[in-house]
Every structure is written in structure tokens, then in C-alpha cells.
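The lines below spell out each chain.
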Amino acid sequence: MPMKVGVARESAAGERRVALVPEALGKLTAAGLEVLVEAGAGAGAAIPDAAFADAGARVVSADELYATSDVILRVQKPAGADAARLRSGQTVIGLLQPLLDPPLMQTLAAAGVTAVSLDAIPRTLSRAQTMDALSSQANVGGYKAVLIAANTYGRYFPLLTTAAGTAKPANVLILGIGVAGLQAIGTARRLGAVVSAYDVRPETAEQAESLGAKFVRLKTSIDATGTGGYARELTPEERAAQQAELNEVIANQDVVITTAQIPGRKPPVLVTAEAVGAMRSGSVIVDMAASALGGNCELSRAGETVVTDNGVTIVAPENLPASMPSSSSLFYARNISALLLNMVKDGNLALDFEEEVTKSTVITHGGAVVSEAVQKLLAPAGGNA
Ligand code: NAD
């Protein structure tokens, strides 16, 4: 019997993405897999059930999907009712955020579910690039953040000379030059803004400059290159030095887009209330790092738009990829298909824990939490280690 791969309908509020799109189905069926799609799964991304059926999937009810699938593909972690439906021997693959929700991993492990998380992909392994959903979704986010900024800003981004006068180009600062930051630089440049950018990993200077941004060099040189291509958290001394200098730079910007993250931790505050207070009326901040954990701007409120007393608008969108669901789902579908096929042999799931991607992304298996990072977070004395 062919292995059944089920595509779940997302249940998180505001989520419009879907884990698989019809274009991505061929590769899975060619590998001998049967694809089931929960009715309505593609609706948020404007993909009708019939499009999945035409591509060779069987559209089924949620009950059938959860009862019969060997592997469930999803975008976000299963919450509440969806998590309770998963059963022993089943595998669930998605952006499960295991470091932010270790108790869910424990629940899945106890239920005998194998949990595979795309956010645990080794980022610097070139073979894993096609599976890198963090990158594909951050790319969409970086692009959309600039569009939101341009839409919110009451002036032009480009230099414009007209019979009615000349518009000065907008000064746009990008804080955090990872995947989202690089896309934001490119997008803001294409709109004609004057772009500068800053990151604590020095290697990003050249990347930013190659896209036409000016790299902000602080007098206090900080190298916070961490492991796996990520940044480490700054020491309190480094933070204070960075803040004082950044405040001056921020005060001269029309638009600030922040993208800085530390995996599994609260994002660093880069734009303080004081810095916002020194910005000109009409300026815009888009905080891409904002979530329930906090954001890069001290005054941002996740999911809301705040206008300060001095006239600065702070937008803190929570799920930018979901606001461009067709593109983000298309890219995500390629990522998750590549990850799944990396774990399939002769039409069946064959987990090889010696293989780097499998070793990194499988969080629970055989009734236990197998990810060391999650085990540490769950250890009673380990606390926030
Ligand atoms: P991320 O979302 O974790 O962070 C975004 C950026 O914020 C990072 O560049 C980080 O250095 C920066 N940052 C963190 N703290 C900061 C602070 N206090 N001040 C200023 N900036 C701060 O990063 P990401 O976009 O997910 O990228 C993670 C890494 O993975 C990067 O090194 C990226 O180049 C790498 N990557 C590699 C490949 C590949 O080699 N094929 C593919 C994709 C991503």
C-alpha cells in the first residue's frame, strides 16, 4: 500500500498558507506516495479543492485525513484539536517552533507521534537550501515589510522631479541583514529609497553593499557571529554601546525596518522608546520581529499599528508570509516536499539518524523527545539553558 501523505487545513488565526500546492504534487506521486488533502486546505491561498484533485490528490474530510495519513504536512504547529487528533506511528512535519513550545513536543512524543520541524534545518548546509522554509518565508516577509512601510509612509520613496517640485528620496534603515533584511534592502532599493543597513555579523556588510545599501559601521566594533550562521545574544556592555550609537543613526531615518532575531530567544531591542522619540513626525517603523515574545522596537505591539505622540507610526505585523499566501505556499511546498523526499526510501519513511538533515529536524520519535536542544529546555533544572 502506498504511504499516505495528508495536507492539513491550517487552523491558526490569520493563517492563509497551505503546506502543499498542486504544482508540487507530481514529485510526491512520482515517488510512490498517495496525497490526501483536507477539504478547504487551499482556500486561504486561493487554491480550490478541485485544483488539488486535478493534480492527482484525493480531497478528504479532516476525520479521514487524520485517521488514515501516515504523514501530515502543515505550515504551523498543530494546536488544540489538531494536536489531539495525531496518533501513534504518525509523522507530522511543519514549522513546529519546538524551541518556543517544548511542552507540545513532549505531548507529541508521549502520543507516539514523530515530529519533524522545518525550522531546525541546518541553514549553512548547501544541500538543505531547497528545504529551507525559514529562508523562503523570510524572503516573502522582507519584501512585504517594505511594501507596508511604503504604503504607510506619507511621502515618496524615490527621488522624483516634477513640474510641481522635487520629492526627496526616503532614507530607509534595515536593522538585521539576514534573509529578510537582504530582501528588504533589495525591495527598498528597487523603490528608489536611499538604504542603509546594520547587523552584528560583520560578514553581512559586503552582502548589504552588493545590493546597494550603505553598511552602518559603528565606532564600537561588535562581532556577534554565533553558530550555524546565526547571531549570538549581545552582552549588556555591547548592547549599551550599540544602542547609544544606533540611536543617532535612527533619528535621521524616515523608515526603519527591523528583522533581528536570535533563534529560540526574545528578539533584541534595537529601537528604544527614546530613539523613537527622537524620530521626525511622519516616520515609519515596521517591526518584523514582533511577536508575543516582544520585538525589536520597544514600543511595538504585535499585530497592531501604534502611532506615537511624536507622530511615528509603528507597524508590527505578526505573520507577513500569510499576507502573500500564494507565493509563500508555493515556496513552502517546495521546501517541505524536498524535506519529506529526503526521508523517503522506496515509497516509505526511512529515518536515517546519521544523516544531517534528519538528525537536526526530527524532534520526537519512538515515544521520546530526541532533540537535545528541546530536551534541555524540558529538563527540570535546565530552565532556560
Ligand atoms: P535571523 O532571522 O535569525 O536574524 C536576522 C538577522 O538579525 C541576522 O542577520 C542576525 O545576525 C541579525 N541580528 C541578531 N541580533 C542582532 C542585533 N543585536 N543587532 C543587529 N542585528 C542582529 O537570520 P536568518 O535570516 O534566518 O539567517 C540566519 C543565517 O542563515 C544567516 O547567516 C544566513 O545567511 C544563513 N543562511 C544561509 C544559507 C546558506 O548558506 N545556504 C541560506 C539561508 C540562510
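Since this is a predicted model, take the numbers as computed values, not measurements.

K.L.:
Please give an account of the overall build of the protein chain that cites residues and values.
P.N.:
Scanning the protein chain from terminus to terminus reveals 13 helices and 19 strands. The globule rule puts the C-alpha radius of gyration for 385 residues at 21 Å, and the 22 Å found for the protein chain is close to it. Along the first, second and third principal axes, the C-alpha set of the protein chain runs to 70 × 55 × 35 Å. With 385 residues in all, the protein chain has 49% of them scored as buried. Within the protein chain, contacts between residues separated by at least 24 positions form 63% of all contacts whose residues are at least 6 apart in sequence. When the accessible surface of the protein chain is split by element, carbon and sulfur atoms take 53% of a total near 17,000 Å².

K.L.:
I'd like a rundown of the sheet that holds strand 15 (residues 313-315), residues and numbers included.
P.N.:
Taking strand neighbours across the sheet as the criterion, the seven strands line up as 11-10-9-12-13-15-14 in an open arrangement whose pairing is mixed. Of all the strands in the sheet, just strand 11 (214-215) and strand 14 (305-307) have a single pairing partner and so form its edges. Where strand 9 (residues 171-175) lies against strand 12 (residues 255-258), four bridges are found, and the strand directions are parallel. Bridge pairing in strand 12 links Ile 174 to Ile 257.

K.L.:
Any chance you could break down the sheet that holds strand 19 (residues 368-369) for me, citing the residues and the numbers?
P.N.:
Strand order in the open sheet formed by eight strands is 3-2-1-4-5-6-18-19, and the pairing between neighbours is mixed. Two strands lie at the open edges of the sheet, namely strand 3 (58-60) and strand 19, each paired on one side alone. Examined bridge by bridge, strand 4 (residues 71-76) and strand 5 (residues 91-95) share four bridges and lie parallel to one another. By the bridge assignment, Ile 72 is partnered in strand 5 with Val 92.

K.L.:
Can you tell me about the pairing of strand 2 (residues 34-38), naming the residues and giving the values?
P.N.:
The buried fraction of strand 2 amounts to four of the five residues, a majority that puts the element mostly inside the structure. With helix 1 (residues 25-30) bridging strand 1 (residues 4-7) and its parallel neighbour strand 2, the resulting β-α-β unit is right-handed. As paired elements, strand 2 and strand 3 share three bridges and run parallel to each other. Along strand 3, the bridge assignment pairs Glu 38 with Val 60. A crossover links strand 2 with its parallel partner strand 3, the connecting element being helix 2 (residues 49-54), and its sense is right-handed.

Calculation notes
- Residues numbered from 1 in each chain as written.
- Predicted model: local features only at pLDDT ≥ 70, side-chain atom pairs only at ≥ 80, totals over all residues.
- Heavy atoms only, no water.
- Helix = DSSP H or I, 4+ residues; strand = E, 2+ residues; numbered from the N terminus.
- Rg over C-alpha atoms; globule rule 2.2 N^0.38 Å.
- Buried < 20%, exposed > 50% of the residue type's maximum accessible area, 1.4 Å probe, protein only.
- Contact = heavy atoms within 4.5 Å.
- Areas by Shrake-Rupley, 256 points an atom, 1.4 Å probe, with all protein chains shown as cover.
- Pairing = 2+ DSSP bridges.
- Right-handed = clockwise from strand over helix to strand, strands pointing away.

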